[in-house]
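Survey of secondary and tertiary structure
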Amino acid sequence: MSQRRRRSLALLTSGVLALPLLTGCGAGDDEGGPAAAGQDIAATTRDKVADGGVLRWAVDTLPDTLNAFQADADATTSRIAGAVLPHLFVLDAKGRPVANPDYLEKAEVIEREPKQVVLYKLNQQAVWSDGREIGAPDFVAQWRALNGKDSAYWTARNAGYERIEKIERGKTDLEVRVTFAKPYADWRSLFSPLYPKQVTGTPDAFNEGARGTLKVTAGPFALGAIDKKTGTAALTRNPRWWGRPAKLDSLVLTAVPRAERPAALAAGKVDLAEIDRAGADRIALARRDAAGKGGAGAGGAPAHGPAAELTPAQATLSWANAFGTDEEKAEQEKEARTKHTESVKRYADEQAALRRFTVRKSLEPAYTQLAMNGASGPLADERVRRAVARALDRQALADLVLKPLGLPAKPVGSHVALAGQQAYADNSDALGGQDAKAAQALLADAGWRRGGKLTEPAGAKAGPESTPQDDGKTPAGPGTGNDGLYIVGEDDAANGDTASDTRAAGAAAAADGGHDRVSPVLAPAPFGAQQKASLLAQAARVRTVDDAKRGPLLDGDTADDPAKGSPAPAKQATRTSGSMLAKDGKALTLRFVLPAGPGSEPLRTVGERISQMLRKLGVNTEITKVADDSFFKDHIASGQYDLALYSWPATAFPATDARPIFAKPEPAADGSLLVEQNYTRVGTDHIDQLFDQAVGELDEAQSRELVRKADARIWAAAGSIPLFQRPELVAVKPSLVNAGAFGLGSPRYQDIGWKKAPKAKEKKK
């Protein structure tokens with residue numbers, strides 16, 4: 001297996017993200033500028049934090065494995081590893097790496113020639129929970145497990161470890177010397193987390209021994225019981241911890257689906273939970289009502305909730321049906337009224353409880369992008385991709401999502417880093433900003449014209465997927481978010497088309513059977529969160545079939561030849577594209593795939609706004625909403641889309657982690673394409689070369705400059721367009737401190753706790 005196929009797998013997301021506790025280079029404090037938004041964690045000094053207490057922290061699911069280097073590791077795996085295992089480097093509030101003094105006294109490159117040598121000087125108090133010192137044997141065992149040479153280890157990454165030549169003890173047991181066969185700029189990413197040799201020493205221990213338990217740990221917390229029935233994983237204060245002791249007695253990770261989190265908060269099941277905008281709105285309304293500022297709806301009715309949804313006319317009709325002469329109808333209506341009354345009471349009770357919470361806000365370490373599939377079709381032409389990009393008002397899209405939340409709304413200017421991180425630079429000028437005239441000129445140069453003659457037969461469909469997909473996993477109908485296919489730009493009577501002229505969402509399978517493959521690459525570190533985690537698991541397991549060689553059905557079938565001897569058809573009026581663009585008899589229509597889940601409403605709103613922007617340019621879009629669990633596997637990874645919205649996580653070392661995301665697809669021996677994580681299928685040799693140079697450049701400033709040059713080339717290729725940093729909304733009890741919206745930084749678990757109650761004298765003041 002090639003090294004490229006074993007590169008790290010960054011997570012696609014329509015949901016949330018937890019940044020891996022990994023790091024990159026360390027100099028140049030002014031590089032990258034300020035973070036777009038700071039942490040919102042109620043930062044408090046330890047002397048003002050009470051000793052003891054329990055924190056119940058909502059997570060998406062209990063982990064399938066506690067081994068962060070396996071393919072099915074998820075966000076909860078990362079959360080647990082962060083609290084119970086060594087991380088030699090952690091991220092500060094700007095997403096920049098800093099040595100963790102709990103484990104390291106120093107770590108530095110001490111030799112560059114003839115080979116790179118890194119010397120780790122460990123904290124002399126650092127010990128595993130069994131009393132053994134953390135040392136070279138643990139480093140050696142993890143290197144051998146992850147370097148890719150022994151296929152008996154079921155690893156999900158080897159990036160960086162395969163460059164190591166040897167690891168040995170230094171002058172003392174507290175020193176570890178790592179010699180590299182090839183220079184590695186991102187050496188700080190290694191050994192975080194660090195597992196004890198009991199886990200990594202043998203394939204059996206690595207593959208199975210750490211899936212459900214960690215017998216030996218070395219963090220401020222130790223792993224307690226994992227209860228699948230109650231959906232909880234308990235972390236308890238580590239009595240052998242040599243650093244500042246954890247303030248909390250225990251931290252209980254509780255699995256709660258995101259849609260159920262407002263109710264779980266209200267019921268007292270959790271104290272901290274990441275929520276979506278709808279949940280944040282409920283808390284804001286509850287606090288407003290508690291302050292007496294809520295007001296009432298029309299006629300004194302409740303201003304929000306189930307009671308507000310019932311109009312006076314509906315209430316009157318309901319009463320009439322419930323007490324009418326039709327007994328069967330009356331019984332049904334009475335049952336419905338009872339359920340409604342219960343729903344109203346439940347909502348009111350929840351709102352009364354939610355007023356005890358507050359929402360802490362920041363920006364996630366992830367950005368949402370518009371991806372354009374450049375494998376075939378109109379977007380295979382770079383001019384069309386650039387035109388689509390230059391039609392976008394990225395500032396308006398950022399405003400749409402972030403301004404209502406009171407968060408900074410600045411478009412992201414880099415594919416490889418976020419504002420505040422050292423590799424960040426706004427390279428969007430390599431493509432150019434919004435410019436309708438420039439976009440029109442690009443499309444004209446590519447041969448697309450308004451009012452072009454259409455030769456596609458009216459009512460032509462694009463194969464079996466012309467009907468909106470329903471896999472039975474997503475409810476359909478009003479209010480479900482699964483409204484099927486919606487075509488933007490084809491409802492204009494000026495183009496002479498009828499509703500039956502719409503093309504299908506999705507694509508027909510390639511007639512020649514050719515397809516691309518996503519490499520079974522191995523996940524880098526535990527990135528994660530709900531959708532990201534599920535997408536990771538899917539991507540790590542799937543060798544997908546790509547429709548990059550899409551057949552002609554994608555652009556509309558041709559009519560069958562009339563049977564010989566049949567009467568000549570009546571002459572049809574010439575059809576044109578009207579105000580929309582066409583070329584070679586076909587309208588410019590792009591399939592736009594969006595997730596249909598309840599947490600993806602903002603993404604769908606952004607998609608619809610993008611469609612409106614493209615329509616002004618003369619570009620039709622077909623919006624298809626698909627089930628969340630098939631969005632990545634069946635559409636993004638397999639290439640069944642033209643346009644899509646999803647998110648990439650930020651990373652502290654883009655030279656390593658961004659490389660597979662933007663790598664040029666390579667032909668495999670069977671004629672298919674190996675696309676790694678480059679789901680836009682747009683890449684160049686030059687971009688690959690720049691990343692390869694950056695990862696081997698030990699001059700940190702020069703390495704970052706090479707990454708920025710690669711980013712500028714990625715902008716110019718116009719395969720994906722960064723839009724905005726994702727919002728991070730966390731509901732917490734106000735007395736919880738040093739926790740909340742962590743932004744680009746890593747949690748410091750031992751400092752999280754409950755604020756001390758003010759003393760009597762302070763109360764009087």
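Residues numbered from 1 in each chain as written. Predicted model: local features only at pLDDT ≥ 70, side-chain atom pairs only at ≥ 80, totals over all residues. Heavy atoms only, no water.

**Topic: the packing of aromatic side chains**
One pass over the structure, following the stated rule, counts 17 aromatic pairs. Note on F89 and W187: the rings are 6.0 Å apart at their centroids and 80° apart in plane angle, and the pair reads as edge-to-face. Within this pair, whereas F89 is found in strand β2 (residues 89–91), its partner W187 is found in the loop between β7 (175–180) and α3 (197–200), the two being separated by 98 residues in sequence. A relative accessible area of 3% means that W187 is categorised as buried. A network of ring pairs unites the aromatic residues F89, Y120, F139, Y161, W187 and F191 as a single cluster. (Phe/Tyr/Trp six-rings, centres within 6.5 Å; stacked < 30°, edge-to-face > 60°. Helix = DSSP H or I, 4+ residues; strand = E, 2+ residues; numbered from the N terminus. Buried < 20%, exposed > 50% of the residue type's maximum accessible area, 1.4 Å probe, protein only.)

**Details of the environment of Q434**
For Q434, the location among the structural elements is in the loop between α10 (394–402) and α11 (436–445). Along the backbone, Q434 and R390 are 44 residues apart, and their C-alpha atoms lie at a distance of 4.5 Å. Once residues lying within four places of it in the same chain are set aside, the contact partners of Q434 are R390, A391, L392 and D393. (Contact = heavy atoms within 4.5 Å.)

**Digging into the sheet that holds strand β4 (residues 104–111)**
In space, the four strands of this open sheet follow the order β4-β5-β7-β6, with antiparallel pairing throughout. Because the sheet does not close on itself, it has two edges, and the strands there are β4 and β6 (164–169). The mean inter-strand angle of the sheet, taken between neighbouring strand axes irrespective of direction, is 15°. Alignment of strand β5 (residues 117–122) against β7, held across five bridges, turns out to be antiparallel. Counterpart to L119 in the pairing with β7 is R177. (Pairing = 2+ DSSP bridges. Axes fitted to C-alpha atoms, helices over the stretch in contact; angles between N-to-C directions.)

**Brief notes about the side chain of T77**
Its location among the elements puts T77 in helix α1 (residues 75–84). A residue is classified by how much of its surface remains accessible, and T77, at 1% relative accessible area, is buried. When residues no more than four places from it in sequence are discounted, the contact partners of T77 are P63, T65, L66, N67 and A68.

**Considering the nonpolar core**
Counting 105 residues, the largest nonpolar core has Y120 and F191 as its most contacted members. Broken down by element, this core gets its largest block of residues, six residues, from helix α2 (residues 136–146). For F191, the contacting residues outside a window of four places in its chain are P86, L88, Y120, F139, Q142, W143, Y161, I164, I167 and V178. Residues L397, L603, V619 and I623 belong to the second largest nonpolar core, which totals 60 residues. (Core = buried A, V, L, I, M, F, W, Y, C linked by side-chain atoms within 4.5 Å.)

**Describing unusual backbone geometry**
Residue P114 is bonded to the preceding E113 through a cis peptide linkage, with omega at 0°. Here P114 lies in the loop between β4 and β5. Phi angles above zero are rare outside glycine, and A42 is one such case at about 55°. Summarising the element assignment, A42 is placed in the segment before β1 (54–59). With phi around 55°, A718 is a residue other than glycine that occupies positive phi space. By secondary structure assignment, the location of A718 is in the loop between α18 (700–717) and β22 (720–732). Relative accessible area serves as the criterion here: at 0%, A718 is assigned to the buried category.

**As for the confidence of the model for the protein**
Scored by pLDDT, the protein has a mean of 82; 77% of the residues are at 70 or more. Below a pLDDT of 50 lies the segment residues 1–27, which in the model reaches 153 contacts outside its immediate sequence neighbourhood of four places, other chains included. Confidence drops under a pLDDT of 50 for residues 459–564, and excluding neighbours within four residues, the segment shows 281 contacts in the predicted structure. (pLDDT = per-residue confidence, 0-100.)

**Looking at the sheet that holds strand β13 (residues 449–450)**
Strands sit in the order β13-β15-β16 across an open sheet of three strands; the sheet is antiparallel. Looking along the sheet, the strands with just one partner apiece sit at the ends: β13 and β16 (586–587). As judged from the two bridges shared by β13 and strand β15 (residues 581–583), these two strands associate in the antiparallel manner. The partner of R450 across the bridge, within β15, is L581.

**A closer look at the packing of helix α17 (residues 685–695) against α18**
Running from amino to carboxyl end, α17 crosses α18 at an angle of 165°, the nearest separation of the two axes being 8 Å. Between α17 and α18, the interaxial angle falls into the category roughly antiparallel. Crossing of α17 over α18 shows left-handed handedness. Touching H686, I687, L690, F691, Q693 and A694 of α17 are S703, L706, V707, K709, A710, R713 and I714, all from α18. Broken down by class, the residue content of the contact of α17 with α18 amounts to eight nonpolar, three polar and two charged. (Parallel < 35°, antiparallel > 145°, perpendicular 65-115°, else oblique. Left-handed = near helix turned anticlockwise from the far one by under 90°. Nonpolar A, V, L, I, M, F, W, Y, C, P; charged D, E, K, R; others polar.)

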